[in-house]
Amino acid sequence: PPDRPIRAARAPGDDPHPLRRVMAPGLLAPAWALALGFGRAAAGASAACKDAATCQVHVDGIIQRLGEMKGDMRGKQATLAALEDLRTGVLTGKRVELPSAQRQHLEKGSALISEVTFDARHRPISTNASRHFKPIITLAETSEVEHHAFLALKKATAKGGSSSLLVTVDALSTLSVWDLNGEALLRNFDLGHGEGRKVAHMSLSPSQDAHFVLSADDLGVVRVHDLKIVAQKEKNKGGDDSDDMRGKEPVKKQMKVTANFSCAFSLPAAASGEPRKLTSILPVERGAQPWFVAGDSSGSIAVFFRNGTLKGRVKVTEDPGGVSGLLRSQGQMVLFYSSHSFGYFSAAQIDVQYPPCTGWNSPLVDIAIDPTNAASRVVLSLSDGDIIVFTTSAGKSKSCDLTLKFPHVSSFPFKLYPFRGHIMGLLAPLPDAMGQSADASREIYVFNMAAMESGYGLAPSRALALQASFKPKQPVSLVLTTGGGGPQDRSKSHVAIRYEGVKGVEIFDLNLKQPSPPKAAAGGEGGDGGGDDNSWSSWLNWFPKIGVFGIALIGVVFWNVRKVTNSNRPRGGGGGGGGAPAGMEDFDDELFRERLRERGREKRATE
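Residues numbered from 1 in each chain as written. Predicted model: local features only at pLDDT ≥ 70, side-chain atom pairs only at ≥ 80, totals over all residues. Heavy atoms only, no water.

Okay, the overall build of the protein next. The secondary structure content of the protein amounts to 10 helices and 30 strands. Counting only residues that meet the buried cut, the protein has 37% of its 607 residues in that class. The contacts of the protein with a sequence gap of at least 6 include a subset with a gap of at least 24, amounting to 49%. Of the roughly 36300 Å² of accessible surface on the protein, 55% is carried by carbon and sulfur atoms. (Helix = DSSP H or I, 4+ residues; strand = E, 2+ residues; numbered from the N terminus. Buried < 20%, exposed > 50% of the residue type's maximum accessible area, 1.4 Å probe, protein only. Contact = heavy atoms within 4.5 Å. Areas by Shrake-Rupley, 256 points an atom, 1.4 Å probe, with all protein chains shown as cover.)

Turning our attention to the sheet that holds strand β13 (residues 291-296). Pairing in this open sheet of 4 strands is antiparallel, and the strands run β12-β13-β14-β15 from one edge to the other. The open sheet has two free edges, formed respectively by β12 (278-284) and β15 (310-315), since each of these has just one partner strand. The mean inter-strand angle of the sheet, taken between neighbouring strand axes irrespective of direction, is 15°. When β12 meets β13, the two strands line up antiparallel, connected through 6 bridges. Counterpart to Ile281 in the pairing with β13 is Ala294. (Pairing = 2+ DSSP bridges. Axes fitted to C-alpha atoms, helices over the stretch in contact; angles between N-to-C directions.)

Between the first and last C-alpha of helix α3 (residues 52-92) there are 59 Å, a value that for 41 residues agrees with the 60 Å anticipated at 1.5 Å per step. Looking at α3, one finds that the buried residues are Gly61, Ala82, Leu86 and Gly89. Looking at the buried side of α3, the elements it contacts are β1 (96-98), α4 (100-109) and β2 (117-119). A positive phi of about 80° marks Gly93, the residue just after α3. (Expected span 1.5 Å × (residues − 1).)

Of all 6 residues making up strand β8 (residues 199-204), 5 are buried, and the element is well covered by its neighbours. Relative to strand β9 (residues 211-217), β8 runs antiparallel, the two sharing 5 bridges. When the bridges of β9 are listed, Ser203 appears paired with Leu214. Here β8 hands over to β9 after 6 residues, the two strands then running antiparallel side by side.

Our next topic: unusual backbone geometry. Each neighbour pair has its own omega, and for Lys471 with Pro472 the value is 5°, a cis peptide bond. Note on placement: Pro472 falls in the loop between β27 (464-468) and β28 (475-481). With a phi close to 55°, Asn188 is a non-glycine residue in the positive phi region. Phi at Arg420 is positive, roughly 45°, even though this residue is not glycine. Turning to its location among the elements, Arg420 is positioned in the loop between β24 (414-419) and β25 (422-427).

Attention now goes to the side chain of Ser461. Residue placement: Ser461 occurs in the loop between α7 (449-454) and β27. Ser461 gets classed as buried once you look at its relative accessible area, which sits at 11%. Of note is the side chain of Ser461, whose polar atom sits 2.6 Å from the side chain of His122. Setting aside chain neighbours within four positions, we find Ser461 in contact with Arg121, His122, Arg123 and Tyr456. (Polar contact = N/O pair within 3.5 Å; in protein donor to acceptor, adjacent residues only side chain to side chain.)

Counting 20 residues, the largest nonpolar core has Leu165, Val167, Leu175, Leu227 and Val257 as the members making the most contacts within it. Listing elements by their share of this core, those giving two or more residues are β4 (145-152), β5 (164-170), β6 (174-178), β7 (184-190), β8, β10 (221-233) and β11 (253-266). If we ignore the near neighbours within four places in the chain, the residues touching Val257 are Leu165, Val177, Leu185, Leu186, Leu227, Lys228 and Ile229. Core analysis: the next-biggest nonpolar cluster, separate from the first, contains 19 residues, Val379, Phe412, Ile423 and Leu464 among them. (Core = buried A, V, L, I, M, F, W, Y, C linked by side-chain atoms within 4.5 Å.)

Let us now look at the packing of aromatic side chains. Counted under the stated rule, the structure contains 14 aromatic pairs. When the ring of Phe470 is compared with that of Tyr499, the centres are 6.4 Å apart and the planes differ by 55°; the resulting orientation is tilted. Here Tyr499 lies in strand β29 (residues 493-499) and Phe470 lies in the loop between β27 and β28, a separation of 29 residues in the sequence. Of the residues examined, Tyr499 reaches a relative accessible area of 4% and is grouped as buried. Taken together, the ring pairs in this structure connect Phe133, Phe470, Tyr499 and Phe508 into an aromatic cluster. Over the face of the ring belonging to Phe212 we find Arg306, whose NZ or CZ atom lies 5.1 Å from the ring centre. A cation sits over an aromatic face here: Lys311 above Trp291, 4.9 Å from the ring centre. (Phe/Tyr/Trp six-rings, centres within 6.5 Å; stacked < 30°, edge-to-face > 60°. Lys NZ or Arg CZ within 6 Å of the ring centre and 35° of its normal.)

With respect to the helices and strands, Glu285 occurs in the loop between β12 and β13. Glu285 gets classed as partly exposed once you look at its relative accessible area, which sits at 43%. The spatial distance from the C-alpha of Glu285 to the C-alpha of Arg328 is 9.5 Å, given a sequence separation of 43 residues. Apart from residues no more than four positions distant in its own chain, Glu285 is found in contact with Pro206, Ser207, Pro290 and Gln332.

Let's shift gears to the state of the cysteines. Under the defined criterion, the tally for this structure stands at 1 disulfide. Note on cysteine connectivity: Cys357 is disulfide-linked to Cys400, with sulfurs 1.8 Å apart. Taking the sign of the torsion about the S-S bond as the criterion, the disulfide between Cys357 and Cys400, at about -65°, is left-handed. Of the two residues, Cys357 is situated in the loop between β19 (351-352) and β20 (364-369) and Cys400 in strand β23 (residues 397-405); the sequence distance between them amounts to 43 residues. Judged by its relative accessible area of 35%, Cys400 is partly exposed. (Disulfide = S-S within 2.5 Å.)

Let us look at the pattern of salt bridges. All told, the structure shown has 11 salt bridges when counted by the stated rule. Taken together, the salt bridges that share partners define one network made up of Asp370, Arg377 and Glu453. (Salt bridge = Lys/Arg side-chain N within 4 Å of Asp/Glu carboxyl O.)

This next bit is on the pairing of β7. Regular strands have side chains that alternate between both faces of the sheet. Where β6 meets β7, 4 bridges bridge the pair, whose relative direction is antiparallel. The residue of β7 that forms the bridge with Leu175 is Phe189. Between β6 and β7, which pair antiparallel and follow one another directly, the connecting turn spans 5 residues, one of which, Gly182, has a positive phi of 100°.

Here the focus is the environment of Gln289. The topology assignment puts Gln289 in the loop between β12 and β13. Separated by 18 residues in the primary sequence, Gln289 and Asn307 place their C-alpha atoms 8.9 Å from one another.

Okay, the sheet that holds β23 next. Two modes of strand pairing occur in sheets, parallel and antiparallel, and in both the strands are linked by backbone hydrogen bonds. Across the sheet, which stays open at both edges, the 4 strands sit in the order β20-β21-β22-β23 with antiparallel pairing between neighbours. Since the sheet does not close on itself, it has two edges, and those belong to β20 and β23, each with one partner. If you compare each strand with its neighbour and ignore which way they point, the axes differ by 25° on average. Two strands pair when backbone bridges link them, and strand β22 (residues 387-394) and β23 are joined in this way by 6 bridges, in the antiparallel orientation. Residue pairing across strands places Ile388 opposite Lys405, the latter belonging to β23.

See below:
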């Protein structure tokens, strides 16, 4: 119309609203909502602000809410950053470090978090498996091995050859014996359990003088076979047994192994008709006539003589599942454990002499004896991945004290293996447990007992010495062989690992140094803090005991010599105590000086 003002013409691409060009159409609705919110807040502020005091209170409330929102936004940003790090780690195949609290919180939602992350505080010192596990040979490559163990040999038998043999039992219930060079000394010997029976347990003799094999099938029938191991010299090319002649090869020893059936026995039937399942079998050394100790699912332990005759039986636990396992302890004592208790069983008296130890919630999966404290401390592996240590003796009295807890590095349980001041743990996921997967990576964790005894400080701990992965292989079980196991033991150690779905057993050289004993921490760096007492204790531990004895002996000798000397001096005379030497009781030093002065004056007068 003629009265409407004339507007300037604009180009087709111009927009009278610059905000519309900047913001995407999808963001306009949140922007309008935000503007509407501010409008409502302004309207509320006008209603709440009646004077200066009410306005100040309203503003303080807004500032407080903004501060809370700022903290929430920072938390969300940290969560997004952690998720981005996890995504990057999964895609690149590298583990990500997470704080202990965050890692354990995420494990509650997914147990596989431990496979893609490290605990920042307890990061492993080494992850190089090839440095510590050096492959030697694979034995029984054509057999589906179900059980394997090392059989220690006497020094006379092992001279010139290996100090131990590997005994295997396959899925067909046949026995084989191998040396570590790959030669089969005994192969596919039928254990006689019958067709369709499966060997569920195998145990070897603890003595090096008499060798035998215990095998128990899924029906609870135990069969004992004696092993005869003979080392014979091979003749050299010259036809002579001596090796001191030149040009002839040195004499080698050839081992021969034979197996003979000894006896068979089984658990006695229950009076109530309740079925009993054999859960573990263990031989206990007793001279030439060992005992066989068997645990069952009803919570009882039975002891059998060498010929299979029952010696006695006693109930040791009421926990569901009965006796879970047996472990050889000192003398004729056997360490038994169930899901929520462990104790010591006397095979000689067929009784539990002290009350079993209890006090944890998650079921017990495996148990081991601390290698640094003989049989006084026991290491427990629980189903939730925790590892705890109990002390079973305090001086001459028995106790059940929780003294140590390992770092929580996995939500999966471990199978425990003690080795020269370390505890090796093989991940063993429970397929029937909630939140656990049988497809999880089975790695080997090596814990340093001395480092954990020293305590943790602000710096990352050295508790986890090694975390070894064998991907794509999945270790199922392993056995160890060592020399004496002491600090000065330099003999080679071997580990035999059996993998899931892989035939045979792989032998490795195990390279782990004996850790030094724990040192008392100074100041506030973990441990007890100590001060002067810890420094004196550390110095006395370093100083040789023979040196202390020598210093004490020298002091006693000097004291006795002085005592005899003083006793030979005459008493009385001159004051002050102590007497005078023999023949000098009446000597007066002042008179002697006066006479010297008179003689001097007389000599000068004559001159």
